[in-house]
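A structural walkthrough
One letter stands for each residue in the lines below.
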Amino acid sequence: MEQRRSKQLFDRAQQLIPGGVNSPVRAFRAVGRQPFFVERAQGPWLFDADGNRYLDYVCSWGPGILGHAHPRVVEAVQRACGGGLSFGAPTAGEVELAERISACVPDVEMVRLVSSGTEAVMSAVRVARGFTGREKIIKFSGNYHGHSDGLLVKAGSGLMTQSVPDSAGVPAGYAACTLTAVYNDTESVRRLMEENAGQVAAVVVEPVAANMGVVPPKPGFLAFLRQITRQTGALLIFDEVITGFRLALGGASEYTGVHADLYTFGKIVGGGMPLAAYGGRRDVMACVAPLGAVYQAGTLSGNPVAVTAGIETLKTLMEDTGIYERIDRRAGRLAEAFRRRGLTVNRAGSLLSAFFTPGWGEQEGSVTNYEEACQCDREAFSAYFNRMLERGIYVAPSQFEAMFVSDAHEDELIERTCEAIGESVL
Ligand code: KE4
C-alpha cells in the first residue's frame, strides 16, 4: 500500500506535535505501523493522502452515524458559516438543540452545551459534587470519561492501549477522590459505598462500556447502580458520549430502561463538530452558574456552526428512526462473521468489539470487565488489524476500542467486510 505522502506528513508532524498526532490512539502504536493521514471522507469511505480508500468502521470514534459528509449536514453547516463562525452570545440554534436533546432523552430536563466529552463529564462531576456537597466519585476500571485529572484513574481507551492505567501529572489528591470499582461487579460498588459512607457524590458509568472494547452491562447491573445511588444519596451519571443517540434515539436509558440523574453526550450530538453536552434533573442542573453556584463556562460553548451540525444530525435521526434497525442488523452480520472465526464478540446495537481472548479460535472466551479485556492477545489483534487495512478496511487500531456501523455501510459493503474478516482472522 502506497503511504509515501502520509509518511512525509507524519515525519513533519512529529517535529511539532507530540507523537505526530492530536490524540494518542491515532498514532497506531498498538498496531505497529505509521498512521495514514486522511484527506477527505464521504459516506462510509475515508481517502488518505496517498489516494488509498478505506471502508471506515471508526466513524471518527462514533460521531459518524450517518456516514461522512452527509449532504444535509454539510449544506446546513456551509450556510451557517456564511453567517459567522462564533458570537459568544446566545443563538436560536442552541435553544433548538437543547429542545431536541430533551425530546430524545426526557430525563434531560435542563442541558448545558460544551465543546468536548471531557468537558461534559468534568462538568457533570463538578455539578454532582456541588449538588451533594460530597467530594468522592466512583468510576469503573476500563471506563474512559475523557482526560480531566480526576477521571484519568484506570481509564480505558488510549491509556489502556498504552497499558498505563493512570496518567502522569495527575495530583495524588485528585486520584484519591476517585474510587475505582469493577465493571459488572455489584459487590465492588457496595464495598466502596460502605467504606466511604456519606462521601460519594456520584457514580459515573458508561452504561454500555466501549473503552475496553465493548462490554455491555450484565442484567441487573445498571438497576443496582440506580438503586444503591438512590439509597446512599449519590447521583448516577450516565456517560453517554458514545452511547448517546447511538444505541437508540433515547440512548442508554431507552435501550436499558434504567434512568440516571445526569447524562453526558458528545460525538453524535455534534454531528462530528466540537460539541458535547451535559444535563439531567432540573433540580440538579439548577446548581449551574449563573443560576447556581457551580461554575462552568466556555468561549465556544454552543458554537453556532457546531450546533447546526448537531441539529441536522438529530433531525435526520428523529425523522428516520429506522436507521437503528438497519445499523443494528448490519452489526449483527459482522458479529456472526467474527464468531465464525472463533472470536468472542460483545455487541450492543451498532457498537461491537471482537476480542482475541486467551485460546481464541479453540475455546469460547468472555469479556465482562477490564481485567478480562487485558488478557486479550494484542499481537493477534494487531495482525488482524493490518490484514484488514491491507484489504481496505479500517477498524479501530486498538483491541480496546469499538467498531461503529453507520447508515452509509450498505449491506453489500457489510458482506465484503465479512469476507475480509474471514481472510484476516487467522
Ligand atoms: P472527548 O473529550 O474525546 O470528546 O470525549 C471523551 C470521552 C468521554 N466519555 C466517553 C465514554 C468517551 O468514549 C470519550 C472519548 N472516546 C475516545 C474513543 N474511545 C475518543 C477518541 C480519542 O481519545 O482520540
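All of the points below concern the structure found in this document. (Residues numbered from 1 in each chain as written. Predicted model: local features only at pLDDT ≥ 70, side-chain atom pairs only at ≥ 80, totals over all residues. Heavy atoms only, no water.)

Here we take up the overall build of the protein chain. Each helix and strand in the protein chain was counted, giving 15 helices and 14 strands. Relative to the globule expectation of 22 Å for 426 residues, the C-alpha radius of gyration of the protein chain, 21 Å, shows essentially globular dimensions. Taken along the three principal axes of its C-alpha coordinates, the protein chain extends 55 × 55 × 45 Å. Within the protein chain, the proportion of its 426 residues that are buried is 57%. Surface summary for the protein chain: the accessible area is close to 17100 Å², and the carbon and sulfur share equals 52%. In the protein chain, the 41 positive side-chain charges and the 47 negative ones have mean positions that sit 2 Å from each other. (Helix = DSSP H or I, 4+ residues; strand = E, 2+ residues; numbered from the N terminus. Rg over C-alpha atoms; globule rule 2.2 N^0.38 Å. Buried < 20%, exposed > 50% of the residue type's maximum accessible area, 1.4 Å probe, protein only. Areas by Shrake-Rupley, 256 points an atom, 1.4 Å probe, with all protein chains shown as cover. Lys, Arg positive; Asp, Glu negative; His and termini not counted. Charge placed at Lys NZ, Arg CZ, Asp CG, Glu CD.)

All right, on to the site of the ligand then. Close contacts around the ligand come from 17 residues, with Ser23, Thr118, Asn211, Asp239 and Glu401 the closest. In isolation the ligand has 540 Å² of accessible area, and contact with the protein removes 87% of it. For the shell around the ligand, the residue count by class is 5 nonpolar, 8 polar and 4 charged. (Near = heavy atom within 4 Å. Nonpolar A, V, L, I, M, F, W, Y, C, P; charged D, E, K, R; others polar.)

What follows deals with the pairing of strand E8 (residues 235-240). Of all 6 residues making up E8, 6 are buried, and the element is well covered by its neighbours. Burial of E8 is two-sided: the residues Leu235, Ile237 and Asp239 facing one way and the residues Leu236, Phe238 and Glu240 facing the other way are all buried. Here 4 bridges tie strand E7 (residues 200-205) to E8, and the two strands are oriented parallel to one another. Its bridge partner being in E8, Val203 is matched across the sheet by Leu236. Read from E7 through helix H8 (residues 221-232) to E8, the crossover connection turns out right-handed. In the sheet, E8 pairs with strand E9 (residues 262-265) via 4 bridges, with the strands oriented parallel. Its bridge partner lying in E9, Ile237 is registered against Leu262. (Pairing = 2+ DSSP bridges. Right-handed = clockwise from strand over helix to strand, strands pointing away.)

Further remarks concern the pairing of strand E5 (residues 136-140). Most of E5 sits out of view: 4 of its 5 residues are buried. With 3 bridges connecting them, E5 and E7 associate as parallel partners. Directly across from Ile137, in E7, lies its bridge partner Ala202. Relative to strand E6 (residues 178-181), E5 runs parallel, the two sharing 4 bridges. Paired with Ile138 across the two strands is Leu179, which belongs to E6.

Turning our attention to the pattern of salt bridges. Under the defined criterion, the tally for this structure stands at 23 salt bridges. With a closest N to O distance of 3.2 Å, Glu325 and Arg329 form a salt bridge. Linking Glu325 with Arg329, this pair stays in helix H12 (residues 322-340), spanning 4 residues, or about one helical turn. The class of Glu325 is partly exposed, set by a relative accessible area of 47%. A residue is classified by how much of its surface remains accessible, and Arg329, at 36% relative accessible area, is partly exposed. Linking Arg416 and Glu412 is a salt bridge whose minimum nitrogen-to-oxygen distance equals 3.5 Å. With a gap of 4 residues between them, Arg416 and Glu412 both fall in helix H15 (residues 411-424), about one helical turn apart. Via salt bridges that share partners, Asp320, Glu325, Arg326, Arg329, Arg330, Asp407, Glu410 and Asp411 belong to a single interconnected network. (Salt bridge = Lys/Arg side-chain N within 4 Å of Asp/Glu carboxyl O.)

Our next topic: the packing of helix H2 (residues 71-82) against helix H11 (residues 304-319). Orientation of H2 relative to H11, taken along the N-to-C sense of each, is 150 degrees, at an axis distance of 9 Å. Viewed along their axes, H2 and H11 adopt a mutual orientation that is roughly antiparallel. Crossing hand, H2 versus H11: right-handed. On the side of H2, the interface is formed by Arg72, Val73, Ala76, Val77, Ala80 and Cys81, while H11 contributes Val305, Thr308, Ala309, Glu312, Thr313, Lys315, Thr316 and Glu319. Its residues assigned to classes, the contact of H2 with H11 comprises 7 nonpolar, 3 polar and 4 charged. (Axes fitted to C-alpha atoms, helices over the stretch in contact; angles between N-to-C directions. Parallel < 35°, antiparallel > 145°, perpendicular 65-115°, else oblique. Left-handed = near helix turned anticlockwise from the far one by under 90°. Contact = heavy atoms within 4.5 Å.)

So, on to the nonpolar core. Ile101, Leu225, Phe245, Leu317, Leu334 and Phe338 are the most contacted members of the largest nonpolar core, which has 110 residues in total. If you tally residues by element for this core, the top one is H12, at 8 residues. Leu225 has contacts with Phe140, Val189, Val203, Val205 and Leu236, leaving out every residue within four places of it along the chain. Formed by 22 residues, the second largest nonpolar core is a distinct cluster that contains Val114, Ala276, Val284 and Val294. (Core = buried A, V, L, I, M, F, W, Y, C linked by side-chain atoms within 4.5 Å.)

Taken together, the 3 strands give an open sheet; going across it, the order is E11-E12-E14, and neighbouring strands pair in antiparallel fashion. Since the sheet does not close on itself, it has two edges, and those belong to strand E11 (344-348) and strand E14 (403-404), each with one partner. Contacts from H12 reach E11, strand E12 (351-355) and E14, with the element oriented near 170 degrees to E11.

Let us now look at the packing of aromatic side chains. In this structure the tally under the stated criterion is 18 aromatic pairs. Here Phe356 and Tyr384 contribute two aromatic rings whose centre-to-centre distance is 5.6 Å and whose plane-to-plane angle is 45 degrees, an arrangement assigned as tilted. Taken together, the residues Phe356 in the loop between E12 and helix H13 (370-374) and Tyr384 in helix H14 (residues 378-390) connect sequence positions 28 residues apart. Note on Phe356: relative accessible area 1%, which makes it buried. Within the aromatic cluster, the residues linked to one another by ring pairs are Phe28, Phe36, Tyr54, Phe385 and Tyr394. (Phe/Tyr/Trp six-rings, centres within 6.5 Å; stacked < 30°, edge-to-face > 60°.)

This next bit is on the environment of Arg5. Inspection of the secondary structure puts Arg5 in helix H1 (residues 4-16). As for Arg5 and Phe36, which are separated by 31 residues in sequence, their C-alpha atoms are 8.7 Å apart. Leave out the neighbours within four places in its chain, and Arg5 touches Ala49 and Asp50.

The quantities given are spatial measurements derived from coordinates; they are silent on function.
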